[in-house]
Amino acid sequence: MAAQQDPPKQRCPEVQKALFAAAREGDVDGCRRLLSTQDVRANDVVHALSGGTALHAGVSHRAVVKLLIEDFRADVNARRRDGSTALMDACEAGDLEIARELLDTYGADPHAEDRDGHTALDLARWFHNLERQSRAEEVYRLREWRERYAKPRAGRAASIAALAAAAGADTT
């Protein structure tokens, strides 16, 4: 895949910065007010560095997503400078509900690729593997601690084993 060039960076006017902040904070009324009364649109770049739109900024807030797409016709497949979409953001964050809503309700493109050729599914798998690796590392630390400091079948070791079992981690 040929490398894509970044579009030129431009400074965002204050109203676009305000829309970015409102979306990121989940301020539905603030987004509505800015989009209704100011010279800013839902698909405008509101973060100059990333090239993100209000949808990228507010993807973790279901009400903001709904407002931007349904009321102000935000492009569900809008891309940042790196080619990432709001669906990719939701997958990276592990927010399955918003990812499903973007796909099923708003028609997000699951095949869209970022500049590195990754799809939302690739990113979801990658972040899931990171979580699994982190859990495995934590189990290793528990084992190491138990071997070094704990008495067999007693005290803290039993408590740690019970906590690890409750978390579904293998401590054998």
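Look a little higher up for the structure.
Calculation rules
Residues numbered from 1 in each chain as written. Predicted model: local features only at pLDDT ≥ 70, side-chain atom pairs only at ≥ 80, totals over all residues. Heavy atoms only, no water. Helix = DSSP H or I, 4+ residues; strand = E, 2+ residues; numbered from the N terminus. Buried < 20%, exposed > 50% of the residue type's maximum accessible area, 1.4 Å probe, protein only. Contact = heavy atoms within 4.5 Å. Areas by Shrake-Rupley, 256 points an atom, 1.4 Å probe, with all protein chains shown as cover. Arc of directions from axis to C-beta.

S.K.: Explain the overall build of the protein chain to me, using residue names and the numbers behind them.
M.R.: Scanning the protein chain from N- to C-terminus turns up 8 helices and 0 strands. The order of helices and strands in the protein chain, counted from the N terminus, is α-α-α-α-α-α-α-α. Relative to its full complement of 172 residues, the protein chain shows a buried share of 35%. Relative to all contacts within the protein chain whose residues are 6 or more apart in sequence, the contacts with residues 24 or more apart total 63%. For the protein chain, the accessible area works out to roughly 11,000 Å², and carbon and sulfur atoms hold 49% of it.

S.K.: Before we move on, could you go through the environment of Ala-18 and cite the residues and values that matter?
M.R.: Here Ala-18 is to be found in helix 1 (residues 14–25). The sequence separation of Ala-18 and Ala-54 amounts to 36 residues, and the corresponding C-alpha distance is 9.9 Å.

S.K.: For helix 6 (residues 96–105), give the residues involved together with the corresponding values.
M.R.: Along helix 6, the residues classified as buried are Ile-98, Ala-99, Glu-101 and Leu-102. Relative to the axis of helix 6, the buried residues are bounded by an arc of 160 degrees and lie together on one face. Exposed side of helix 6, more than 90 degrees from the buried face: Leu-96, Glu-97, Arg-100 and Asp-104 are the residues found there. Looking one or two residues beyond helix 6, the residue adopting positive phi is Gly-107, at roughly 75 degrees.

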